[in-house]
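# Observations on the three-dimensional arrangement
Letter by letter, the chains look like this.
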Amino acid sequence: MRQAVVAGNWKMHGTRQLVAEFVQKFIDRQQLGAEPSQVQTVILPPVGFLAELSDGLRGTHLATGAQDLHTHSKGAFTGETAGSMIRDLGGSWVLTGHSERRQYQKETDRQIANKFVAALDADLCPILCVGENLEDREAGRAEQVVTAQLNTALQTIGIKRLAAGCVAYEPVWAIGTGQTATPDQAQQMHHSIRAALGVLDESVAQAMSILYGGSVNEKNVEAFFKRRDIDGVLIGGASLNVEQFVMIVDVVAAAVASR
Ligand code: 13P
């Protein structure tokens, strides 16, 4: 069975107080035996909070990580963070190619693929984010755009190495808008991503966890998990409230148990 993942991307939000709230909540849950082991829960705070969060969550089932990394392992790159540093701060996961970085930092598919490889070299689990914008969706070329993003990245990463990470489908028009893709739209795209991977390696395609992201919350998450190609969720806004985030984890755990 593919790994179920709930990842919370805090983006550029949060405080040390929020870190403390998350740590307290998840330590309490761990002690009560309430933390579901069948769901890999990951929190991706701003990198400045990573050490404190990772240290606090040590001994729990939760993992932490970063929202981006540099392609180089070190060097004169002011303001950047290397994969090895994310490891050193206690992180084990990292996002690559989030649509906000594609949009605001003009990251290209090639650069994103290099980041994915740099993450693997640093022994991190990378999530490759793909997704179409509204214009692409309305023009009926969503699958074409997403498959092209995936295939361009695969030229650098290679299918075998991609298998060490995850893919996240986040339609740009659904991010932070409150307008999710319908579970059917998400399922269709996840299916076509898996089919594209299957052309290269069917066993990798079957084993790959593909996450959906875009306005997921505790109320709509269950419907996504009823679709067979949706293995996880990448949460933005709803990951900033510990009670809401915990509810999502618990709904996912129940959905996975009943699969
Ligand atoms: P929202 O859940 O706020 O729509 O954000 C999704 C996202 O971009 C997660 O990476």
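In what follows, the accompanying structure is described.

Rules and cut-offs
Residues numbered from 1 in each chain as written. Predicted model: local features only at pLDDT ≥ 70, side-chain atom pairs only at ≥ 80, totals over all residues. Heavy atoms only, no water. Pairing = 2+ DSSP bridges. Helix = DSSP H or I, 4+ residues; strand = E, 2+ residues; numbered from the N terminus. Axes fitted to C-alpha atoms, helices over the stretch in contact; angles between N-to-C directions. Contact = heavy atoms within 4.5 Å. Near = heavy atom within 4 Å. Polar contact = N/O pair within 3.5 Å; in protein donor to acceptor, adjacent residues only side chain to side chain. Areas by Shrake-Rupley, 256 points an atom, 1.4 Å probe, with all protein chains shown as cover.

## Details of the sheet that holds strand E3 (residues 63-66)
Two strands in a sheet stick together by hydrogen bonds in their backbones, pointing the same way (parallel) or opposite ways (antiparallel). The strand order E1-E2-E3-E4-E5-E6-E7-E8 describes a closed barrel built from 8 strands, whose pairing is parallel. Looking at each pair of strands side by side, their axes are set apart by 25° on average, direction ignored. Here strand E6 (residues 166-169) pairs with strand E7 (residues 210-213) via 3 bridges, running parallel. When the bridges of E7 are listed, Ala168 appears paired with Leu211. Packed on one face of the sheet, helix H2 (residues 50-57) meets strand E2 (39-44) and E3 and runs near 170° to E3. Helix H9 (residues 183-200) contacts strand E5 (125-130), E6 and E7 of the sheet and is inclined by roughly 150° relative to E7.

## Let's talk about the site of the ligand
Taken together, 13 residues form the shell around the ligand, and within it His98, Glu170, Gly176, Ser215 and Gly237 come nearest. Between the ligand and the protein, one listed contact pairs an oxygen atom with a side-chain N or O atom of Lys11 at 2.9 Å. A distance of 2.6 Å is found between an oxygen atom of the ligand and a backbone nitrogen or oxygen belonging to Gly176. Burial of the ligand by the surrounding chains reaches 95%, relative to a free accessible area of 300 Å².

## A closer look at the side chain of Asn9
Among the structural elements, Asn9 can be located in strand E1 (residues 4-9). Engagement of the side chain of Asn9 in a polar contact is seen with the backbone nitrogen of Lys11, the distance being 2.9 Å. In this structure, Asn9 is in contact with Leu44, Gln67, Leu95, His98, Leu234, Ile235, Gly236 and Ser239, ignoring residues within four places of it in sequence.

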